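A structural walkthrough
The residues making up each chain are set out below.
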Amino acid sequence: MNVLFQEIQRSILNLVGAGIEALPGLLVAIAFFIFTSWAAKFSRRVANRITEMTIKNQSLRSLLIQLSYVATWVTGILICSVIAFPDLRLGDIIGLLGLSSVAIGFAFQDIFKNFLAGVLLLLQEPFRLGDQIIVDSHEGTVEEISIRSTQIRTYQGELIVVPNSIVFTSTVEVLTNLPRRRTDLAIGVDYNTPLSHAIEVLYKAISGVDGVLGEPIPEVDIIGFGDSSIDLKVRYWTVPHKADVRRIQTRVMLALKNACDGAEINIPYPIRTVYHYNQENFSDNFPQKNIFPVDS
């Protein structure tokens, strides 16, 4: 019993001695970890200033800034590990990472997939910060493209965070890729309206609307014969941002309505013919009786 007690006491003393012996290294490692936090932020600021002067591509600048930040943290953590555990060499750490790469790959495959997709998005630059896009049923303005996700601010002010892997593999509609954007607006006129006169009136009305670009020129096309009207399509170009497109469309609709009223061009509403019949005299085997058409 005394031998067992002495063995336990010896083990505890050895552990305490090893802890006291490793304490300076742990304190230095903690201090270096704090220094690494400051160094990562400092490297990000330095990279931001350098890339701002040398690189015009904003997405590439963002990639280099984020990579410098991550690289500083990885380097600092490796050095902290070596300081805290002197017997653990840098080669041992690298070998351990190599042996565990398969397990890490399976465990963090989504993270690595988003990281790689983020790097490719920043390099290929299919869209830029400030662009308005539609991706995976989400529409809004791109606020940030990080190495993990793309942040989109909707027109209602909500923030949507979309993983980069989804952005990279989905169809992305970039609404502001070009400096102009076309809007197609449908309108119908009465069948008694002279079409050449209607086209002239609509074209003149839309050409005078503030915000409608003169080049390419607006167009008014006849697209078909509807049930109650002859259908036309007014096509015009504006600046691409959603808020401007919406406001200009309102002005265009007001101008078209006022022009039609001034030229006495009727914009008809749907007409239906309703038949009323006497249910008692109705039979599937004989013609209907007492049918009175009523137009409305």
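Note that residues are indexed from 1 along each chain, following the sequence as it is written. It should be noted that, the model being predicted, local features are given only for residues of pLDDT at least 70 and side-chain atom pairs only at 80 or more, the latter also being counted only at that level, while totals for whole chains, interfaces and linings use all residues. Hydrogen atoms and water are omitted, and side-chain values are computed over all heavy atoms in the structure.

This paragraph deals with the overall build of the protein. On a plain count of helices and strands, the protein comes out with eight helices and ten strands. Buried, partly exposed and exposed residues are distinguished by accessible area as a fraction of the type maximum, computed with a 1.4 Å probe on protein chains only: under 20%, between the cut-offs, and over 50%, respectively. Going through the 296 residues of the protein one by one, you find that 29% of them count as buried. Contacts were defined at the residue level, with two residues in contact if any of their heavy atoms lie within 4.5 Å. Counting only contacts in the protein whose residues sit at least 6 apart along the sequence, the fraction spanning at least 24 positions is 58%. Every helix listed is a DSSP run of H or I at least four residues long, and every strand listed is a run of E at least two residues long, numbered separately from the N terminus.

A carboxyl oxygen of Asp or Glu within 4 Å of a side-chain nitrogen of Lys or Arg is what we treat as a salt bridge. Counted by the stated rule, this structure contains eight salt bridges. Asp 184 is paired through a salt bridge with Arg 235; the nearest N and O atoms lie 3.1 Å apart. Placement of the pair is Asp 184 in strand E6 (residues 181-189) and Arg 235 in strand E8 (residues 230-238), with a sequence separation of 51 residues. Judged by its relative accessible area of 35%, Asp 184 is partly exposed. With a relative accessible area of 17%, Arg 235 lands in the buried category. Because the salt bridges share partners, they merge into one network encompassing Arg 182, Asp 184, Asp 221 and Arg 235.

Here the focus is the packing of aromatic side chains. Each aromatic pair joins two rings of Phe, Tyr and Trp (for Trp, the six-membered one) with centres within 6.5 Å, and gets the label stacked for planes under 30 degrees apart, edge-to-face for over 60, and tilted for any other angle. One pass over the full model with this rule turns up five aromatic pairs. Relative to Phe 35, the ring of Phe 32 has its centre 5.7 Å away and its plane inclined at 45°; by these criteria the two rings are tilted. On the criterion of helical spacing, the pair formed by Phe 32 and Phe 35 is a turn pair, its members being three residues apart in helix H1 (residues 2-54). In this structure Phe 35 comes out as partly exposed when scored by relative accessible area, which is 42%. With a centroid separation of 5.3 Å and an interplanar angle of 55°, the aromatic rings of Phe 33 and Trp 73 are classed as tilted. Taken as a pair, Phe 33 in helix H1 and Trp 73 in helix H2 (residues 58-84) lie far apart in primary sequence, 40 residues in all. The partly exposed category is assigned to Phe 33, whose relative accessible area is 41%. Aromatic ring contacts, followed pair by pair, group Phe 32, Phe 35, Trp 38 and Phe 42 into a single cluster. We note Arg 44 situated over the ring of Tyr 69; from NZ or CZ to the ring centre the distance is 4.3 Å. Two thresholds decide whether a charge sits over a ring: the Lys NZ or Arg CZ must be within 6 Å of the ring centre and within 35 degrees of the ring normal.

In this fold, Thr 193 is placed in the loop between E6 and helix H7 (195-207). Contact partners of Thr 193, with chain neighbours within four places excluded, come to Ala 198 and Ile 265.

What follows concerns unusual backbone geometry. Omega for the peptide link from Glu 215 to Pro 216 comes to -5°, which places this bond in the cis form. Structurally, Pro 216 can be placed in the loop between H7 and strand E7 (219-225). Even without being glycine, Glu 125 reaches a positive phi, approximately 55°. Take Glu 125: it is sitting in the loop between helix H5 (109-124) and strand E1 (132-135). In this model, Glu 264 sits at a positive phi of 55°, which is unusual for a non-glycine residue. As for its placement among the helices and strands, Glu 264 is situated in the loop between helix H8 (242-262) and strand E9 (273-276).

Per the UniProt entry, the sites bearing "transmembrane region" (unreviewed entry) are residues 22-42, 63-84 and 90-108 in this numbering. Between the first and last C-alpha atoms of residues 63-84 the distance is 32 Å; the span itself is 100% helix and 0% strand. UniProt positions are given in the numbering used here, feature names are shortened, and annotations may be inferred rather than shown by experiment.

A few words now on the pairing of E7. Here a strand pair is declared whenever DSSP counts at least two bridges between the two strands. Inspection of the sheet shows E7 paired to E8 by six bridges, in the antiparallel sense. Of the residues in E8, the one forming a bridge with Ile 222 is Leu 232. Adjacent in sequence and paired antiparallel, E7 and E8 are bridged by four residues.

Turning our eyes to something else, we now look at the pairing of strand E4 (residues 159-163). Where burial is concerned, the two faces of E4 differ: the one with Ile 160 and Val 162 is buried and the one with Leu 159, Val 161 and Pro 163 is not. Relative to E4, strand E3 (residues 149-153) runs antiparallel, the two being bridged by five bridges. In the sheet register, Gln 151 faces E4, and the bridge partner there is Val 161. Count of turn residues in the E3/E4 antiparallel hairpin: five residues, of which Gly 157 carries a positive phi of about 90°.

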